[in-house]
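Chain residues, written in single-letter form:
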Amino acid sequence: MSDLRELYQEVIIDHNRHPRNFYKMEDATQQIDGINPLCGDKITIYLKVVDNVIQEASFQGTGCAISIASASLMTDSLPGKTIQFVEAIFKKFHDFITATDKPTNTEELGKLNVLGGVRDYPARIKCATLAWHALHAALNESSEPVSTEDKSL
Ligand code: FES
């Protein structure tokens, strides 16, 4: 295993064992459940959005190491960002994680690059994108639970 791969695995293990922003936000302006029906895991995303800017992001739920680490990394990256910026990052992250060839120019994704390894394990892509599907739906003012099997995402 390469050093880089080991470093990536360490970050994922750390965020799974000690998830950042893992709490129920009582004054959230948006809240939505993301569900992976293939395994039954569910993650709830909470956002506080003021004047088009995400002030605070948190999550709760149960999932595998990849889904929890992804939600932890995602919520860490959101505060201070505009909705438009986050939607652009959502698309970039989705393309990054589902690309068949290793994508280039991914600096903008910052720490999220550690999740690139799941590209080699297609069954885990839904785990890595579970929280992101919920985020995308929340930013589009939906409050209905969203599934990783929803073809519109
Ligand atoms: Fe359920 Fe990964 S196995 S989200």
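Structure: see above.
Here the residue index of a chain counts from 1 through its sequence in written order. At least 70 in pLDDT is required for a residue's local features to be given in this predicted model, at least 80 for side-chain atom pairs to be given and counted, and no such filter applies to totals for whole chains, interfaces and linings, which use all residues. Hydrogens are left out, water is left out, and the side-chain values use all remaining heavy atoms of the structure.

Visitor: Explain the packing of helix H2 (residues 65-77) against helix H4 (residues 125-139) residue by residue, including any values.
Guide: A fitted line through C-alpha atoms represents every axis, and for helices the fit uses only the stretch in contact; the resulting angles, taken between N-to-C directions, go from 0 to 180 degrees. Per the convention used, a helix needs a DSSP run of H or I reaching at least four residues, while a strand needs a run of E reaching at least two, with both numbered from the N terminus. At their nearest, the axes of H2 and H4 sit 6 Å apart, and the two run at 45° to each other. It follows that H2 is oblique to H4 by the angle criterion. You can see that H2 and H4 cross each other, and the crossing is right-handed. Of H4, the residues touching H2 (which contributes Ile66, Ser67, Ser70, Ala71 and Met74) are Cys127, Ala128, Leu130, Ala131, Trp132 and Leu135. Residues are sorted three ways: Asp, Glu, Lys and Arg are charged, Ala, Val, Leu, Ile, Met, Phe, Trp, Tyr, Cys and Pro are nonpolar, and all the rest, Gly among them, are polar. Taken together, the residues of the contact of H2 with H4 sort by class into 9 nonpolar, 2 polar and no charged. In this scheme, roughly parallel covers angles under 35 degrees and roughly antiparallel covers those over 145, while 65 to 115 is roughly perpendicular and the rest are oblique. Should the near helix be turned counterclockwise from the far one by less than a right angle, the crossing is left-handed, whereas a clockwise turn marks it as right-handed. Contact criterion: two residues are considered in contact whenever any of their non-hydrogen atoms come within 4.5 Å of each other.

Visitor: Explain the pairing of strand S2 (residues 41-50) to me, using residue names and the numbers behind them.
Guide: Judged by how many residues are buried, S2 sits mostly within the fold: 8 of 10 residues are covered. Sheet analysis places strand S1 (residues 30-36) next to S2, joined by 7 bridges and oriented antiparallel. Bridging from a neighbouring strand, Gln31 pairs with Tyr46 of S2. Strand pairing is assigned whenever DSSP detects at least two bridges linking the two strands. The pairing of S2 with strand S3 (residues 53-62) spans 9 bridges and is classified as antiparallel. In the strand pairing of S3, Ile45 is matched with Phe59. Hairpin connection between S2 and S3: a loop of 2 residues separates the two successive antiparallel strands, and Asp51 in this loop has a positive phi of roughly 50°. Exposure categories follow from relative accessible area, calculated using a 1.4 Å probe and restricted to protein chains: below 20% of the type maximum is buried, above 50% is exposed, and the middle band is partly exposed.

Visitor: Could you give an account of the side chain of His15, with specific residues and numbers?
Guide: Among the secondary structure elements, His15 is positioned in helix H1 (residues 3-17). Using a relative accessible area of 3% as the deciding quantity, one classes His15 as buried. At a separation of 2.7 Å, a polar atom in the side chain of His15 contacts the side chain of Ser72. Excluding anything up to four places from it in sequence, His15 contacts Arg20, Ile68, Ala69, Ser72, Leu73 and Asp76. Pairing of N or O atoms within 3.5 Å defines a polar contact, subject to two protein rules: one partner must be a possible hydrogen donor and the other a possible acceptor, and residues neighboring in sequence count only if both atoms are side-chain atoms.

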